[in-house]
Amino acid sequence: MADRPSPQGGASRSPTIYDVAAAAGVAPSTVSRAFSRPGRVNAATAERIRQVAAELGYHANPLARALPTGRTTLIACVIADIANPVFAEIVIGAQKAAREAGYLILLVDAQESDQLERESLERTLPAVEGIVLASSRMSDSAIRMIAKQRPLIVLNRVVSDVTSLVNDDMDGMRQAAEHLSELGHRTITYVSGPEASWASGVRWRALREAASDLGVRVNRTVAYPPTVAGGLQAAGELGRPKSSAVIAYNDQMAIGLMRGLQASGVQLPRELSVVGFDNISGSGLVTPELTTIATPARIQGHTAVRTLLAELGDSQAHPGKSAILPTRLVVRQSTARRGRKPSATQASETPAP
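Report follows, based on the coordinates. Only a predicted model underlies this, so the values are computations on that prediction, with no experimental measurement involved.

**What to know about the overall build of the protein chain**
Summing up its helical and strand segments, the protein chain has twelve helices and 13 strands in all. A separation threshold of at least 6 residues defines the contact pool for the protein chain, and within that pool the share at least 24 residues apart is 67%. Accessible surface, the protein chain as shown: approximately 16700 Å² in total, 51% of it carbon and sulfur.

Spelled out as structure tokens, the structure:
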């Protein structure tokens, strides 16, 4: 139970929920709702309570509040790499949805490590009500074990018996393959992402299926880190590309690949067309500007938290459903007709229908 105001005098103490309630002229339960469920309190009243709390120096403690209620209003958002702009977009969307519902996001950076991801979750579980896993590197069995302890939604991956939200990578890769085929490219190399990446496997399978339909040959590199440095490493090991077109696992790898190839004298896109994946903010800032598959990362984060909150509020919810978000091709200057410079039309950003 929260501390009640102590008698006047004596040692100074931190203000309590009862002090805020008395100063704001409301019940302590109203103060509690203003911080834990702001949507259930009149907007003007909630604002007055926040102003009074700020003047008194009162700060709500979600963990202390959770002792009698079991509710912390905290959601863990576990991302694979905080340096990847895609995850920044996911977090922005997740935070917006959480804030709208009176929740806070507890961010965990797994640094592309399944071991660190699991260890961090084990320490985080007691403090949170639910979990959003973005591009988890853990095994399916490990994810299902955690889902038995807390409501969980996994992004960019499908795990049986766990709610998931994925991008339409199959259609995105088909769009990329069709675009390159229309430009006359007959051989495409896929620069692979991490071995533990579910999405990388899906993108490779989608490319193979599309290539078979289009009469295009495809091949795949070994796995590389999904970073600019990983793309540079791939460029160094590829040497002079045998294919006339490349699709990278993500934009960061594509940008690193372009830098490395250009440094070795390869002319882009005259000698090699390059396609990325994700449409991060930097994809339009490189030279040549990167053709890529756009994914709705911010919408994905927002939708994930909304879905998770719905499960938290529904004791009869049955996890395991999968939802798919659309992707689209964004054509820029890094792709051109085989053996030619990009046309004026390609020099502008032209989303595919």
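**A look at the packing of helix α8 (residues 169–182) against helix α9 (residues 198–214)**
Look at α8 against α9: their axes get within 8 Å of each other, and the N-to-C directions meet at 45°. In terms of orientation, α8 and α9 fall into the oblique class. The hand of the α8/α9 crossing is right-handed. Only Ala199, Val202, Arg203, Ala206, Leu207, Glu209, Ala210, Asp213 and Leu214 of α9 make contact with α8, whose side of the interface consists of Asp169, Met170, Met173, Arg174, Ala177, Glu178 and Ser181. Residues belonging to the contact of α8 with α9 are distributed by class as follows: nine nonpolar, one polar and six charged.

**Some thoughts on helix α11 (residues 251–263)**
With 13 residues, α11 should reach 18 Å at 1.5 Å per residue; the first-to-last C-alpha distance of 18 Å fits that figure. Its buried side turned inward, α11 meets α5 (85–100), β6 (187–191), α10 (228–238), β8 (245–248), β9 (273–278) and β10 (291–294). Where α11 begins, the side chain of Asn250 points an oxygen toward the backbone nitrogen of Gln252, at a separation of 3.3 Å.

**Side note on the packing of aromatic side chains**
Centre-to-centre distance and the angle between the planes together describe a pair of aromatic rings. Under the criterion given, the structure shown has one aromatic pair. The ring of Phe277 has Arg203 sitting right over it, with the charged end atom 3.8 Å from the ring centre.

**Notes on the sheet that holds strand β11 (residues 322–325)**
Spatially, β2-β1-β3-β4-β5-β11 is the arrangement adopted by the six strands of the open sheet, whose pairing is parallel. Only two strands of the sheet have a single neighbouring strand rather than two, namely β2 (104–109) and β11. Between one strand axis and the next, the sheet turns by 20° as a mean value, whatever way the strands run. As paired strands, strand β3 (residues 130–134) and strand β4 (residues 152–155) are joined by four bridges and run parallel to one another. Residue Val132 lies in a different strand from β4, and its bridge partner there is Ile153.

**Considering the pairing of β4**
Residues Leu152 and Val154 line one face of β4 and the alternating positions Ile153 and Leu155 line the opposite face, and both faces are buried. With helix α7 (residues 140–147) bridging β3 and its parallel neighbour β4, the resulting β-α-β unit is right-handed. Examined bridge by bridge, β4 and strand β5 (residues 163–167) share three bridges and lie parallel to one another. Opposite Leu155, over in β5, you have Leu165 as the bridge partner.

Thresholds, definitions, all that
- Residues numbered from 1 in each chain as written.
- Predicted model: local features only at pLDDT ≥ 70, side-chain atom pairs only at ≥ 80, totals over all residues.
- Heavy atoms only, no water.
- Helix = DSSP H or I, 4+ residues; strand = E, 2+ residues; numbered from the N terminus.
- Contact = heavy atoms within 4.5 Å.
- Areas by Shrake-Rupley, 256 points an atom, 1.4 Å probe, with all protein chains shown as cover.
- Axes fitted to C-alpha atoms, helices over the stretch in contact; angles between N-to-C directions.
- Parallel < 35°, antiparallel > 145°, perpendicular 65-115°, else oblique.
- Left-handed = near helix turned anticlockwise from the far one by under 90°.
- Nonpolar A, V, L, I, M, F, W, Y, C, P; charged D, E, K, R; others polar.
- Expected span 1.5 Å × (residues − 1).
- Polar contact = N/O pair within 3.5 Å; in protein donor to acceptor, adjacent residues only side chain to side chain.
- Phe/Tyr/Trp six-rings, centres within 6.5 Å; stacked < 30°, edge-to-face > 60°.
- Lys NZ or Arg CZ within 6 Å of the ring centre and 35° of its normal.
- Pairing = 2+ DSSP bridges.
- Buried < 20%, exposed > 50% of the residue type's maximum accessible area, 1.4 Å probe, protein only.
- Right-handed = clockwise from strand over helix to strand, strands pointing away.

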